[in-house]
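Tertiary structure, described
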Amino acid sequence: MSDPFHEGQRAAKARRMRSWAIALGLIVLVALTFVVTIVKMAANAHHAVT
Amino acid sequence: MKRPMTEVALPDFAPAPQAFPGVDIAPAGWRDYVALAKPRVMSLVVFTALTGLVAADTPMDPILAAMAVLCITVGAGAAGALNMAFDSDIDAQMRRTRNRPVAAGRISRADAAAFGAVLGAFSIMLMGLAVNNLAAGLLLFTILFYALVYTMWLKRSTPQNIVIGGAAGALPPVIGWAAATGHTPLNAWLLFAIIFLWTPPHFWALALNSGGDYEKAGVPMMPVVKGAKSTRLQILIYSLILAPLAVVPAFTGLGGPGYLAASILGGAMFVLLAVRLWRSRAGEAVEPGPDGLYSVKPGAKQARDLFAYSILYLFGLFAVLLVEHGLKAVR
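Keep in mind that this is a model prediction, so the values were computed, not measured.

Right, let's talk about the overall build of chain B for a bit. A tally of regular secondary structure across chain B gives 14 helices and two strands. Per-residue burial over chain B gives 49% buried out of 331 residues.

Here is the structure:
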């Protein structure tokens, strides 16, 4: 009987690539949120001064 | 007699119906995920949204402006992915769409829906955080309208599907405008109206050449339900309304002299091609060729010409607006 959990080489590679893409996407989201926060804080500080 | 209400099938995320049964399918690659976001549709959405953002003539932090464009791009991709997840049964039956990643079985419907939902959530959240809540709300409305109202309901139930559903494609310049200013004045809705009225002639010109596919897939497109002659007439009527409406921004302070010239000349050409299509037999039954060796699709060229020109026309109008307002900002 074939093992239902056996993963072919191509499928394993595709899954690994997907995992990396998800990780990269999350890093980009965190970086963008950080940049937005800094830009907004700088704008608010500028308005407070002027 | 009262018409029975159309049943709306909720997605069950069963395995996608494959367009190529029996064929060994390779696992999805990154190109399939890019295709899931419909990059060609996305490019027009981004371009019109950018035009709305620039035409608002309001100074904006360049980083936040880039963020707004990025959010609209990702939001458009989310809508495309959700559309492919819900429409894979239709896509698998049509020549134009049967090689799409879900229809061909390379990506499961559940994966495509999850991909679209995550992209959509990220884009809306970031838009609200970086830009403003009005732009985020409009983006949310656009994605939901396209994925739920158009894809799951209108497309399968009425020949007015692309007319009403066209609102989703027409909203990006309004989102761009809202991102820049925090409100949506009449000029922003003028851009909406132009795309809204442009959509039926654009799509029906394409549908006239693939009416058989829509019929096979059970999609009630206008040529399937009302016939080719009625569709050609409706294309002409929409074109006759669109061409003068597209000139209006030149008189509301939105478009300059370049826009006035482009909209008059471009609109005249649009109407001319619509008249040519109306007089043709586009969408009628295929005829046998003179020697019986091949078949002839009557009016195929006229329909193709209007379809191709409609893209150039919309691109041209928005490009002129972008250049005129871009130059104003530089000065």
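With that settled, the discussion passes to the interface of chain B and chain A. Listed by partner, the interface residues are eleven residues for chain B and ten residues for chain A. Listing elements by their share of the side of chain B that touches chain A, those giving two or more residues are helix H3 (62-86) and helix H5 (109-130) of chain B. Per element, the largest residue contribution to the side of chain B that touches chain A is four residues, and it comes from H5 of chain B. Grouping the constituent residues of the side of chain B that touches chain A by class yields ten nonpolar, no polar and one charged.

For the rest of this paragraph, the subject is helix H1 (residues 9-49) of chain A. Note on helix geometry: an α-helix contains 3.6 residues per turn, so any two residues three or four positions apart are oriented the same way. Here H1 of chain A spans 60 Å end to end across 41 residues, near enough to the 60 Å set by a 1.5 Å rise per residue. Burial of H1 of chain A is sparse: only zero of the 41 residues sit out of reach of the surface.

Bringing the environment of Leu70 of chain B into the picture now. The topology assignment puts Leu70 of chain B in helix H3. In the structure, Leu70 of chain B is positioned 93 residues away from Val163 of chain B in sequence and 27 Å away in space, judged by C-alpha atoms.

Residues and elements named next belong to chain B. At a minimum axis separation of 10 Å, helix H13 (residues 257-279) and helix H14 (residues 300-330) run at an interaxial angle of 170°. In terms of their interaxial angle, H13 and H14 are classed as roughly antiparallel. Of the residues in H14, those touching H13 at Gly258, Tyr259, Ala262, Ser263, Gly266, Met269, Phe270, Leu273, Ala274, Arg276 and Leu277 are Gln302, Ala303, Asp305, Leu306, Tyr309, Tyr313, Gly316, Leu317, Val320, Leu321 and Glu324. By residue class, the composition of the contact of H13 with H14 is 14 nonpolar, five polar and three charged.

A few words now on the domain arrangement of chain B. Residue and element names in this part refer to chain B. Considered domain by domain, chain B is made up of domain 1 (28-183) and domain 2 (185-331). In this structure, domain 1 and domain 2 have C-alpha centres spaced 22 Å apart. On the side of domain 2, 28 residues touch domain 1, which itself brings 29 residues to the contact. For the side of domain 1 that touches domain 2, the secondary-structure elements that each account for two or more residues are helix H2 (39-55), helix H6 (133-157), helix H7 (161-170) and helix H8 (172-181). For the side of domain 1 that touches domain 2, the class distribution of residues is 15 nonpolar, nine polar and five charged.

What follows covers the nonpolar core. Residues and elements named next belong to chain B. Formed by 104 residues in total, the largest nonpolar core has its most connected members in Leu53, Ala68, Ala81, Met127, Ala135, Leu139 and Ile175. Among the elements that take part in this core, H3 stands out by supplying 14 residues, more than any other. Three or more residues apiece are contributed to this core by two domains, here domain 1 (28-183) and domain 2 (185-331). Apart from the residues within four sequence positions on either side, Ala81 is in contact with Leu36, Ala37, Ala112, Phe115, Gly116 and Leu119.

Time to look at unusual backbone geometry. Residues and elements named next belong to chain B. Backbone geometry at Lys38 places phi at a positive 50°, although glycine is not the residue there. According to the C-beta neighbour criterion, Lys38 is partly exposed, with 19 such atoms within 10 Å. Positioned with a positive phi, Asp57 is a non-glycine residue whose angle comes to about 55°. Tracing the sequence through the fold places Asp57 in the loop between H2 and H3.

What follows covers helix H9 (residues 186-209) of chain B. Here H9 of chain B spans 36 Å end to end across 24 residues, near enough to the 34 Å set by a 1.5 Å rise per residue. Extensive coverage of H9 of chain B is indicated by the burial of 19 of its 24 residues.

Locating Leu260 of chain B in the fold gives a position in helix H13. Not counting the four nearest positions on each side in its chain, Leu260 of chain B is found in contact with Val247, Ala250 and Gly255 of chain B.

Residue and element names in this part refer to chain B. Two numbers describe how H2 lies on H3: the axes approach to 9 Å, and their chain directions differ by 145°. When the axes of H2 and H3 are compared, the crossing they make is right-handed. Mapping the contact onto sequence places Val41, Met42, Val45, Val46, Ala49, Leu50 and Leu53 in H2 and Ala65, Ala68, Val69, Ile72, Thr73, Ala76, Gly77 and Gly80 in H3. For the contact of H2 with H3, a count of residues per class yields twelve nonpolar, three polar and no charged.

The next thing to look at is the confidence of the model for chain B. On average, residues of chain B score 89 in pLDDT, and 89% of them are at 70 or above. The ipTM assigned to the predicted complex is 0.73, against a pTM of 0.86.

Conventions and cut-offs
- Residues numbered from 1 in each chain as written.
- Chains lettered and ligands numbered in written order.
- Predicted model: local features only at pLDDT ≥ 70, side-chain atom pairs only at ≥ 80, totals over all residues.
- Helix = DSSP H or I, 4+ residues; strand = E, 2+ residues; numbered from the N terminus.
- Buried ≥ 20, exposed ≤ 12 C-beta atoms within 10 Å, placed from the backbone.
- Contact = placed C-beta atoms within 7 Å.
- Nonpolar A, V, L, I, M, F, W, Y, C, P; charged D, E, K, R; others polar.
- Expected span 1.5 Å × (residues − 1).
- Axes fitted to C-alpha atoms, helices over the stretch in contact; angles between N-to-C directions.
- Parallel < 35°, antiparallel > 145°, perpendicular 65-115°, else oblique.
- Domains from an automatic or database assignment.
- Core = buried A, V, L, I, M, F, W, Y, C linked by C-beta atoms within 7 Å.
- Left-handed = near helix turned anticlockwise from the far one by under 90°.
- pLDDT = per-residue confidence, 0-100.

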